Amino acid sequence: QVSLVESGGGLVQVGGSLRLSCAASGRTFPSWTMGWFRQAPGKEREFVATITWNDGSTYYADSVKGRFTISRDNAKNTVYLQMNSLKPEDTAVYYCAAAGGTLPLTTSNEYDYWGQGTQVTVSS
């Protein structure tokens with residue numbers, strides 16, 4: 001079993017920044033793919049960013065490209081999402097997800113483990 005715990009969410013003004021963290025514990029795979037997704041009220045969960053554990057390959061949704069950066073600290077089993085130039089439409093619950101493997105993954109059904117989510121609210 002794998003446990004994912006997100007932190008770092010909160011209330012921020014338009015144009016501000018937040019950094020989300022996701023700490024993983026429990027069973028480990030030789031290689032991981034980690035992802036961030038978000039879900040706004042009344043909307044489906046959507047992909048935000050992904051990173052592979054072995055070589056750090058990243059991929060982003062077009063809506064966040066150039067503003068968000070995903071990174072990982074292998075020693076701490078932690079993945080981060082640095083969010084800059086935040087917009088009201090970034091308001092959502094942000095979820096961390098994990099899957100065993102070596103490829104970037106962009107759809108939620110490819111992930112096996114999920115965190116509980118952290119709320120991000122961007123006020124205008």
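The following refers to the structure shown.

## What to know about the pattern of salt bridges
Here comes step 1: Counting across every chain of the model gives four salt bridges.
Here comes step 2: The salt bridge involving Arg-38 is made with Asp-90; its shortest N-O contact spans 2.9 Å. Taken as a pair, Arg-38 in strand E4 (residues 32-39) and Asp-90 in the loop between strand E8 (78-83) and strand E9 (92-100) lie far apart in primary sequence, 52 residues in all. Here the two residues Arg-38 and Asp-90 agree in accessibility, since each one is buried.
Here comes step 3: Residue Lys-65 is joined to Asp-62 by a salt bridge in which the shortest nitrogen-to-oxygen separation is 3.1 Å.
Here comes step 4: A residue is classified by how much of its surface remains accessible, and Asp-62, at 65% relative accessible area, is exposed.

## Brief notes about the nonpolar core
Among soluble globular proteins, nonpolar side chains are generally buried collectively.
Here comes step 1: Met-34, Trp-36, Val-79, Leu-81, Met-83 and Tyr-94 are the most contacted members of the largest nonpolar core, which has 36 residues in total.
Here comes step 2: Of all the secondary structure elements, the ones that give two or more residues to this core are strand E1 (2-7), strand E3 (18-26), E4, strand E5 (46-52), strand E7 (68-73), E8, E9 and strand E11 (118-123).
Here comes step 3: With six residues, E9 is the largest single contributor of residues to this core.
Here comes step 4: Filtering out sequence-adjacent residues up to four positions away, Met-34 remains in contact with Leu-4, Cys-22, Ala-49, Thr-50, Ile-51, Trp-53, Ile-70, Val-79, Cys-96, Ala-97, Ala-98 and Tyr-111.

## Details of unusual backbone geometry
Here comes step 1: For Asn-77, which is not glycine, the phi dihedral falls at a positive 50°.
Here comes step 2: Checked against the element boundaries, Asn-77 lands in the loop between E7 and E8.
Here comes step 3: Phi angles above zero are rare outside glycine, and Ser-85 is one such case at about 50°.
Here comes step 4: Structurally, Ser-85 is set in the loop between E8 and E9.

## Things to note about the state of the cysteines
Disulfide: a covalent bond connecting the sulfur atoms of a pair of cysteines.
Here comes step 1: Counted according to the given criterion, the structure contains one disulfide.
Here comes step 2: Note on cysteine connectivity: Cys-22 is disulfide-linked to Cys-96, with sulfurs 2.0 Å apart. The chirality of the disulfide connecting Cys-22 with Cys-96 is left-handed, given an S-S dihedral of about -75°. One end of the pair, Cys-22, is in strand E3; the other, Cys-96, is in strand E9, and 74 residues separate them in sequence.
Here comes step 3: When its relative accessible area of 0% is taken as the criterion, Cys-96 is described as buried.

## Description of the pairing of E11
Here comes step 1: On E11, burial follows the alternation: Thr-118, Val-120 and Val-122 on one face are buried, whereas Gln-119, Thr-121 and Ser-123 on the facing-out side are not.
Here comes step 2: By the bridge criterion, four bridges tie strand E2 (residues 10-13) to E11 in an arrangement that is parallel. Pairing of Leu-11 across the sheet is with Thr-121, part of E11.
Here comes step 3: In the sheet, E9 pairs with E11 via three bridges, with the strands oriented antiparallel. Among the inter-strand pairings, Val-93 is bridged to a residue of E11, identified as Gln-119.

What counts, and at which threshold
- Residues numbered from 1 in each chain as written.
- Predicted model: local features only at pLDDT ≥ 70, side-chain atom pairs only at ≥ 80, totals over all residues.
- Heavy atoms only, no water.
- Salt bridge = Lys/Arg side-chain N within 4 Å of Asp/Glu carboxyl O.
- Helix = DSSP H or I, 4+ residues; strand = E, 2+ residues; numbered from the N terminus.
- Buried < 20%, exposed > 50% of the residue type's maximum accessible area, 1.4 Å probe, protein only.
- Core = buried A, V, L, I, M, F, W, Y, C linked by side-chain atoms within 4.5 Å.
- Contact = heavy atoms within 4.5 Å.
- Disulfide = S-S within 2.5 Å.
- Pairing = 2+ DSSP bridges.

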